[in-house]
Amino acid sequence: MTETAPLRFDAENTFAAFEGLWCSGQLSVADMARLPELGVATVINLALPTSSKALSGEAEQVTALGMNYVHIPVLWDAPKPVQFEQFAGVMAALGQQPVWLHCAKNMRASAFVYLYRLLIRGETEEQASWPMSQIWAPNPVWQQWISAVRAAHCRSAAH
């Protein structure tokens, strides 16, 4: 898939990362209502329920629309490599089902997309860095997390 312009949603930094995976900041109620028309089967939320933009009752709203809801709460200042493995496991379990991944501002989510594209899909660094490169340059905490996930993935791939 080629790079495309951001989608028109209330959520900030909304992108179609690749066919079957969208990523964004916090979804609005109106955004959620549009997801079934895109064919989205599962919403994955990486933000905490206490995030400033968190939507109360998000899980219930998503499931009421007939979609699955997965919550992998990632602390902004303390992401863990195992959380990427959880995400990759969910993606593997879902197969080709369309997924919407979000956090508060699409910073966490875009970092997860970057690693997924690089480590799981086998894309080049240049390909994988989009859309993260459009949203932010990871700070030292997230640079360390990215390095740790890459190292862990290399170790597991070697076995």
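Bear in mind that the values here come from a model prediction, so they are computed numbers and not experimental data.

**Q** Residues and numbers for helix H4 (residues 108–120), please.
**A** Here H4 spans 17 Å end to end across 13 residues, near enough to the 18 Å set by a 1.5 Å rise per residue. Along H4, twelve of the 13 residues are buried, which leaves the element largely enclosed by surrounding structure. When H4 is considered as a whole, its buried residues turn out to be Arg 108, Ala 109, Ser 110, Ala 111, Phe 112, Val 113, Tyr 114, Leu 115, Tyr 116, Arg 117, Leu 118 and Leu 119. Where H4 terminates, the next one or two residues include Gly 122, which has phi positive at roughly 70 degrees.

**Q** Let's hear about the pairing of strand E5 (residues 99–102): which residues, and what values?
**A** Burial along E5 is two-sided: the face carrying Val 99 and Leu 101 and the face carrying Trp 100 and His 102 are both buried. In this sheet, E5 lies alongside strand E2 (residues 21–24) in parallel orientation, the contact comprising four bridges. Among the inter-strand pairings, Ser 24 is bridged to a residue of E5, identified as His 102. Alignment of strand E3 (residues 42–45) against E5, held across four bridges, turns out to be parallel. The partner of Val 43 across the bridge, within E5, is Trp 100.

**Q** Quick rundown of the packing of aromatic side chains? Include the residues and the values.
**A** Taken as a whole and assessed by the stated rule, the structure comprises 13 aromatic pairs. With a centroid separation of 6.2 Å and an interplanar angle of 50 degrees, the aromatic rings of Phe 84 and Phe 87 are classed as tilted. Of the two residues, Phe 84 and Phe 87 both sit in helix H3 (residues 81–94), three residues apart, roughly one turn of that helix. Note on Phe 84: relative accessible area 0%, which makes it buried.

**Q** Which residues make up the side chain of His 153, and what values do they have?
**A** For His 153, the position within the fold is in helix H7 (residues 140–158). His 153 sits in the buried class, given a relative accessible area of 17%. In contact with His 153, other than residues within four places in its own chain, are Leu 119 and Ile 120.

**Q** Report on the environment of Asn 68, specifying residues and quantitative values.
**A** For Asn 68, the location among the structural elements is in strand E4 (residues 68–71). Apart from the residues within four sequence positions on either side, Asn 68 is in contact with Ala 41, Thr 42, Val 43, Val 62 and Gln 97. Only 3.2 Å separates the side chain of Asn 68 from the side chain of Thr 42, close enough to count as a polar contact.

**Q** I'd love a proper account of the pattern of salt bridges, names of residues and values included.
**A** Evaluation of the coordinates by the stated rule reveals four salt bridges. In this structure, Glu 12 engages Lys 53 in a salt bridge whose closest nitrogen and oxygen atoms are separated by 2.5 Å. With a gap of 41 residues between them, Glu 12 in the segment before strand E1 (15–18) and Lys 53 in the loop between E3 and helix H2 (58–64) connect regions that are remote in the sequence. With relative accessibility at 31%, the residue Glu 12 sits in the partly exposed group. Given the relative accessible area of 38%, Lys 53 is considered partly exposed. Among the salt bridges present, the one from Glu 123 reaches Arg 117, with a minimum N-O distance of 2.5 Å. Glu 123 gets classed as buried once you look at its relative accessible area, which sits at 13%.

Rules behind the numbers
Residues numbered from 1 in each chain as written. Predicted model: local features only at pLDDT ≥ 70, side-chain atom pairs only at ≥ 80, totals over all residues. Heavy atoms only, no water. Helix = DSSP H or I, 4+ residues; strand = E, 2+ residues; numbered from the N terminus. Expected span 1.5 Å × (residues − 1). Buried < 20%, exposed > 50% of the residue type's maximum accessible area, 1.4 Å probe, protein only. Pairing = 2+ DSSP bridges. Phe/Tyr/Trp six-rings, centres within 6.5 Å; stacked < 30°, edge-to-face > 60°. Contact = heavy atoms within 4.5 Å. Polar contact = N/O pair within 3.5 Å; in protein donor to acceptor, adjacent residues only side chain to side chain. Salt bridge = Lys/Arg side-chain N within 4 Å of Asp/Glu carboxyl O.

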